[in-house]
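Below, each chain spelled out in residue letters.
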Amino acid sequence: MKKNILFFLFAITFLSASAAILSSVTSLDYGVQKEKIWGLDLSHHQGTIDWEVLAKQKPDFIFFKATEGVSKIDSKYRSYRKEARRLHIPTGAYHYFSYSSPGYWQAQNFLKTAALQAGDLPPVLDIEWVPIMPDPSIVASEAIAWLKVVEGKLGVRPIIYCNYRFYTDYLKGKLKHEFPLWLSNYSRLPEYKCLFWQKSNNYSVKGVRGKVDYNIFMGDKDDLKNLLLK
């Protein structure tokens, strides 16, 4: 009985902490840009980065690709993250979802690799179109599997990244809970409220070769700070 009581108290504490973190996300008046708070998402495709030059551009955050599918790890994830942290740029990690393996096992790959810690941005599920798409019910169920595992392990609700039309076609109304959104739309602000808006995939920034994705945080600096993992 004593063990059961201790377990019950632990569960209440964990759920209360999770609710507080989720509240800090969902209570934001996101969808309304309060300040120009911008950032990038980067992967091995960007190659060698001049971090000192990039830091001088003062990005407010950077998300890095950590994993893909059940076994792939981005070759630049750890080195990029190390450099960004050294320069005190808030960082996050995202998982590129594959339709060829279960969401549960993909979540294990992400959790093992991302190694998120206090001060990081919440985990992100990057889910996109492929030439041959599964049935929408399968897309939603496997995405939910990934989200459930990651939220259960980290105690924070993950962010979903996708195109706003993808959200309409595959996820809207199919998720059991509300998840913060990071939506791409390169012509105008998405019609759905989002935490992050990917405004361009054709952005130039000093320190990085080629074009990169440009993202806007739909809040102010205090909102961004409150979003970081505790």
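These figures come from a predicted structure and were not determined experimentally. Residue numbers run consecutively from 1 along every chain, following the written order of its sequence. Reporting of local features is limited, given that this is a predicted model, to residues whose pLDDT is at least 70; pairs of side-chain atoms are given and counted only at 80 or more, and all residues count toward the totals for whole chains, interfaces and linings. Only hydrogens and water are set aside; all other atoms, that is, all heavy atoms of the structure, feed into the side-chain values.

K.L.:
An account of helix α5 (residues 136–154) is needed here, citing residue identities and associated values.
P.N.:
The periodicity of an α-helix, 3.6 residues per turn, causes residues three or four places apart in sequence to face the same way. Along its 19 residues, α5 runs 27 Å from first to last C-alpha, staying within 8% of the 27 Å computed at 1.5 Å per residue. All of the buried residues along α5 are V139, A140, A143, I144, W146, L147, V149 and V150. Those residues of α5 that are buried are in contact with β4 (91–96), α4 (103–114), β5 (124–126), β6 (159–163) and α6 (164–171). Numbered from the N terminus, helices here are DSSP runs of H or I no shorter than four residues, and strands are runs of E no shorter than two. Of the residues flanking the end of α5, it is G155, one or two places downstream, whose phi is positive at about 70°. What a helix should span is 1.5 Å times the count of its residues minus one. Partly exposed residues are those whose accessible area sits between 20% and 50% of the maximum for their type, while under 20% is buried and over 50% is exposed, using a 1.4 Å probe and protein chains only. Contact definition: two residues touch when any of their heavy atoms are within 4.5 Å.

K.L.:
Could you give an account of α6, naming the residues involved and the relevant values?
P.N.:
Along α6, the residues classified as buried are Y164, F166, Y167, Y170 and L171. Axial view of α6: buried residues confined to an arc of 150°, hence all on one face. At its buried positions, α6 is contacted by α5, β6 and β7 (181–184). Polar contacts, as used here, are pairs of N or O atoms within 3.5 Å; protein pairs need one atom able to donate a hydrogen and one able to accept it. Residues neighboring in sequence count only if both atoms are side-chain atoms. The N-cap residue of α6 is N163: its side-chain oxygen and the backbone nitrogen of R165 are 2.7 Å apart. Here the arc refers to the directions that run from the helix axis out to each C-beta atom.

K.L.:
So what about the side chain of D126? Which residues, and what values?
P.N.:
Within the secondary structure, D126 is located in strand β5. Charged residues are defined narrowly, with Lys and Arg counted positive, Asp and Glu counted negative, and His plus the chain ends left uncounted. Criterion for a salt bridge: a side-chain nitrogen of Lys or Arg within 4 Å of a carboxyl oxygen of Asp or Glu. This buried residue, D126, is left without a salt bridge; K65 holds the nearest opposite charge, at 7.3 Å. Among residues more than four places away in sequence, those in contact with D126 are Y94, H95, Y96, F97 and Y161.

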